[in-house]
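# Structural description and commentary
Read off the chains here:
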Amino acid sequence: MTPRPPRDLGTLLEALPYIREFHGKTVVVKYGGAAMTDPSLKEDFARDIVLLKYVGINPVVVHGGGPEITGYMERLGMDVRFVDGLRVSDAETVEVAKMVLVGKVNKDIVQRIGRHGQPAVGLSGDDGRLLRVSKQHSPGGADIGFVGKIDKVDVDVLNHIAQDYIPVIASVGADRDGQSYNVNADEVAGAVARAMGAYKVMFLTDVEGWLRDPADLDSVISEARADEVEAALTSIGGGMRPKLQSCLDAIHGGVSFAHIVDGRVPHSLLLELFTDAGIGTKIRASA
Ligand SMILES: Nc1ncnc2c1ncn2[C@@H]1O[C@H](COP(=O)(O)OP(=O)(O)OP(=O)(O)O)[C@@H](O)[C@H]1O
Ligand SMILES: [Mg+2]
């Protein structure tokens, strides 16, 4: 009998076909939830992103930062209100959101990735005219202020930067007149993945994946086709709905796979990308 390789080497050998498959491809990662707040998970995330770059993948990070925005608003004595899960954003709220996301959250991520060995470059929707947005209302039709939907993505600047650096995108955009807007980071990730012709888009979140029954944590759907997601969409609530909608937008735009991954699990990105078992929910095109 041929001796088996030592366990550690086995992991590396298991990863090899995946490294080959993903080499030279773009993977857009929506960074959110616990992985963005827990100090040790933050470090794990930065290391994982750097590792992807080292093995020849082009990672692109998209982030929000809701809890930090809320924290600063409260410190400034501002009113924090949500309608249908969307932040009610008057001009002052958008100004604070932009300062916190672009000036603090984005730069923290850029620095952390840099410290782990790869240079990252921070961008917002304004840079290189990356995101053109316009006003949207809440699903119930309420006026929620400067909350934007994405009309146009120009990835020219991203394509240049991603050749050598890791782009880190803050989810704010502007309209034709230069007015800034909050934009849902899931939506930005899906739209950027589509516009870049990414191979995968991955959403790090605070649940194990898409649950058939949100009350039953054992009901993770590990694989689904786009038509199955589409059929279920209207019955899905909370933050999972924009996420699954963004998965669909990406897949319909030619992205091969969309993943919803548990960001509370250390190195969940690597587990999904480089192991046979994978984790979370994997969505593929219908045909
Ligand atoms: N069917 C479902 N399966 C899984 N989660 C669901 C489902 N329906 C609703 N949810 C909710 O969606 C949440 C995930 O979206 P949420 O917007 O809260 O997190 P996120 O997008 O990862 O983080 P952030 O919005 O801060 O960037 C889950 O924690 C869960 O409460
Ligand atoms: Mg969300």
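Everything below is about the structure shown above.
Given the structure is predicted, the values throughout are model-derived calculations rather than measurements.

How each quantity is defined
Residues numbered from 1 in each chain as written. Chains lettered and ligands numbered in written order. Predicted model: local features only at pLDDT ≥ 70, side-chain atom pairs only at ≥ 80, totals over all residues. Heavy atoms only, no water. Near = heavy atom within 4 Å. Polar contact = N/O pair within 3.5 Å; in protein donor to acceptor, adjacent residues only side chain to side chain. Areas by Shrake-Rupley, 256 points an atom, 1.4 Å probe, with all protein chains shown as cover. Helix = DSSP H or I, 4+ residues; strand = E, 2+ residues; numbered from the N terminus. Nonpolar A, V, L, I, M, F, W, Y, C, P; charged D, E, K, R; others polar. Patch = residues over 30% accessible without salt bridge, like charges linked within 9 Å, V, L, I, M, F, W, Y side chains within 5 Å. Salt bridge = Lys/Arg side-chain N within 4 Å of Asp/Glu carboxyl O. Lys, Arg positive; Asp, Glu negative; His and termini not counted. Charge placed at Lys NZ, Arg CZ, Asp CG, Glu CD. Buried < 20%, exposed > 50% of the residue type's maximum accessible area, 1.4 Å probe, protein only. Arc of directions from axis to C-beta. Contact = heavy atoms within 4.5 Å. Axes fitted to C-alpha atoms, helices over the stretch in contact; angles between N-to-C directions. Left-handed = near helix turned anticlockwise from the far one by under 90°. Pairing = 2+ DSSP bridges.

### Comments concerning the site of ligand 1
Ligand 1 sits among 14 residues. The nearest are Lys30, Thr205, Leu211, Gly237 and Lys243. Contact between ligand 1 and Leu211: a nitrogen atom at 2.9 Å from a main-chain N or O atom of the residue. At 2.5 Å, a side-chain N or O of Lys243 approaches an oxygen atom of ligand 1. Protein contact buries 69% of the 640 Å² of open area that ligand 1 shows by itself. Of all elements in the fold, only strand S11 (200-205) and helix H8 (240-252) reach the threshold of two or more residues within the shell around ligand 1. Of the residues in the shell around ligand 1, the class split is six nonpolar, five polar and three charged.

### Regarding a negative patch on the surface
A cluster of like negative charges, contributed by Asp79, Asp90, Glu92 and Glu95, occupies part of the molecular surface. Tracing the chain through its elements places Asp79 in the loop between helix H3 (66-75) and strand S3 (82-83). You can call Asp79 exposed: its relative accessible area is 59%.

### Side note on the environment of Thr281
By the element assignment, Thr281 lies in strand S14 (residues 281-284). Relative accessible area serves as the criterion here: at 0%, Thr281 is assigned to the buried category. In the structure, Thr281 is positioned 72 residues away from Gly209 in sequence and 5.2 Å away in space, judged by C-alpha atoms. A distance of 2.8 Å separates a polar atom in the side chain of Thr281 from the backbone nitrogen of Trp210.

### Topic: H3
Residues of H3 that are buried include every one of Ile69, Thr70 and Met73, and no others. Along the long axis of H3, the arc covered by the buried residues comes to 100 degrees, so they all point the same way. Turned more than 90 degrees away from the buried face of H3 sit Pro67 and Arg75, all of them exposed. Considering only its buried residues, H3 is in contact with S3, strand S4 (86-87) and helix H4 (91-115).

### A few points about the packing of helix H2 (residues 39-54) against H4
H4 packs onto H2 with a crossing angle of 65 degrees between their chain directions and a minimal axis gap of 8 Å. With respect to the hand of their crossing, H2 and H4 are arranged in right-handed fashion. Mapping the contact onto sequence places Lys42, Glu43, Ala46, Ile49 and Val50 in H2 and Arg112, Ile113 and Arg115 in H4. Tallied by class, the residues present in the contact of H2 with H4 amount to four nonpolar, no polar and four charged.

### Things to note about the sheet that holds strand S1 (residues 26-31)
Taken in spatial order, the eight strands line up as S5-S8-S2-S1-S11-S13-S14-S12 in an open sheet, and their pairing is mixed. Unpaired on one side and paired on the other, strand S5 (120-124) and strand S12 (223-225) mark the two borders of the sheet. When strand polarity is set aside, the average angle formed by the axes of neighbouring strands in this sheet is 20 degrees. The pairing of strand S13 (residues 257-262) with S14 spans four bridges and is classified as antiparallel. Each bridged residue has a counterpart across the sheet, and for Phe257 the counterpart in S14 is Arg284. Contacting S1, strand S2 (58-63), S5 and strand S8 (166-170), H4 runs over the sheet at an angle of about 160 degrees to S8. Along the sheet, H8 contacts S1, S11, S13 and S14; its crossing angle with S13, the most-contacted strand, is approximately 155 degrees.

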